[in-house]
Amino acid sequence: MQRSLVERELTSEGPSPKAPRRGGRSVTVNLAESPLTWLHSRGHLSDRLFAAGELLRADWERAQLSQGLTMRWDAVRIKGGPDSGLTLNERQIAAKQRFDGAIAAAGSGLEDVLWRVVCAGETLPIAEKALDWPVRSGKLVLKIALQRVADFYRIA
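Within each chain, residues carry numbers counting from 1 in the order of the written sequence. Selection of residues for local features in this predicted model requires a pLDDT of at least 70, selection of side-chain atom pairs for listing and counting requires 80 or more, and totals for whole chains, interfaces and linings are taken over all residues. Side-chain numbers here rest on the full set of heavy atoms in the structure, without hydrogens or water.

(A) Quick look at the packing of aromatic side chains. Note on ring pairs: Phe, Tyr and Trp rings are taken, using the six-membered ring of Trp, and paired if centres are within 6.5 Å. Classes follow the plane angle, with under 30 degrees stacked, over 60 edge-to-face and the rest tilted. Applying the stated criterion to the full structure yields two aromatic pairs. An angle of 80° between the planes, with centres 6.5 Å apart, marks the rings of Trp 60 and Trp 115 as edge-to-face. With Trp 60 in helix α2 (residues 47-62) and Trp 115 in helix α4 (residues 111-119), this pair connects stretches of sequence that are 55 residues apart. By relative accessible area, Trp 115 is classed as partly exposed at 37%. Here a strand is any run of E in DSSP of at least two residues, a helix any run of H or I of at least four, and the numbering for each starts at the N terminus. Exposure classes here rest on a 1.4 Å probe applied to the protein chains alone. A residue is buried below 20% of its type maximum, exposed above 50%, and partly exposed in between.

Spelled out as structure tokens, the structure:
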């Protein structure tokens, strides 16, 4: 995978999309690390489908659905957004409900490749092999799933 490294400002919520300030903390971010970003940057996904995938991944992370090795004591830090005014637990529950709704909207048979590529960060060839699919079929199925997720999130 090609690397595209940039310096970003490091805030309490994580890396900021802005360039680092002079004297501030910064972090090096690989913009090409996500398979979804890779597909979008090469013109295989439209802006609408990319935005749907990013919203799905954000809800997956906010709901803290990733597998952890030990107990997690850190709080989810979310600034603004659709869940402002809610407690941390309510935000997590709301994100889980949105994630479950988006996965259900993708439909049976499509959620596997959607979760593997968007949330787990697997590349399409690895996901196709794990699902025992023909080579190059994953991109088409992923696009269909992302179109349904974009409809669920009401992305124009």
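(B) Summary view of the packing of helix α3 (residues 88-106) against helix α6 (residues 138-153). Two numbers describe how α3 lies on α6: the axes approach to 8 Å, and their chain directions differ by 135°. Of the possible angle classes, the one that applies to α3 and α6 is oblique. Once α3 is placed against α6, the crossing between them reads as right-handed. In this structure, α3 contributes Arg 98, Gly 101, Ala 102, Ala 105 and Ala 106 to the contact, and α6 contributes Ala 145, Arg 148, Val 149, Phe 152 and Tyr 153. Under this scheme, a helix contributes an axis fitted over its contacting stretch, all axes are lines through C-alpha atoms, and angles between N-to-C directions fall in the 0 to 180 degree range. By the definition adopted for this analysis, an angle is roughly parallel if under 35 degrees, roughly antiparallel if over 145, roughly perpendicular if from 65 to 115, and oblique otherwise. Here a crossing is taken to be left-handed if its near helix is turned anticlockwise relative to the far helix by less than a right angle, and right-handed if that turn runs clockwise. What makes two residues a contact is simply this: any of their non-hydrogen atoms within 4.5 Å.

(C) Expanded view of α3. Here the expected length of a helix is defined as 1.5 Å per residue gap, with one fewer gap than residues. Here α3 contains 19 residues, and its C-alpha end-to-end distance of 27 Å stays within 8% of the 27 Å for a straight helix at 1.5 Å per residue. For α3, every residue scored as buried is listed here: Arg 91, Ala 94, Ala 95, Arg 98, Phe 99, Gly 101, Ala 102, Ile 103 and Ala 106. Residues of α3 that are buried sit in contact with α2, α4 and α6. Of the residues one or two after α3, Gly 107 is the one with positive phi, at around 100°.

(D) How the structure looks around the layout of surface pockets. A 1.4 Å probe that fits into a set of points on a 1 Å grid over the protein atoms alone but cannot get out defines a cavity; an open set with protein on both sides within 12 Å along at least five of seven lines defines a pocket, and lining residues are those with an atom within 4 Å of a point. Grid points are joined across faces, edges and corners, and a volume is the space filled by probe spheres set on the points. Of the voids in this model, the second largest pocket is the one considered here, and its volume is about 340 Å³. Residue assignment for the lining of the second largest pocket shows that the elements contributing at least two residues are α1 (35-41) and α5 (124-130). Asp, Glu, Lys and Arg are counted as charged, while Ala, Val, Leu, Ile, Met, Phe, Trp, Tyr, Cys and Pro are counted as nonpolar; the rest, among them Gly, fall into the polar class. Partitioning the lining of the second largest pocket into residue classes produces eight nonpolar, two polar and four charged.

(E) Fine view of the environment of Ala 102. Looking at the element boundaries, Ala 102 is found in helix α3. For Ala 102, a relative accessible area of 0% translates into the label buried. The contacts of Ala 102, once residues within four sequence positions are left out, are Leu 56, Val 149, Phe 152 and Tyr 153.

(F) Focus on the packing of α2 against α4. It is the contact of α2 with α4, at a shortest axis distance of 10 Å, that shows an interaxial angle of 80°. As judged from the angle between their axes, α2 and α4 are roughly perpendicular. Taken together, the residues of α4 that come into contact with α2 (itself represented by Gly 53, Leu 56, Arg 57 and Trp 60) are Leu 114, Trp 115, Val 118 and Cys 119. Its residues assigned to classes, the contact of α2 with α4 shows six nonpolar, one polar and one charged.

(G) Up close: α6. Taking 1.5 Å of rise per residue, 16 residues should cover 22 Å, and α6 covers 22 Å from first to last C-alpha, within 8% of that figure. Looking at the buried positions of α6, the neighbouring elements they touch are α1, α2, α3, α4 and α5. Arg 154 lies just past α6 and shows a positive phi near 60°.

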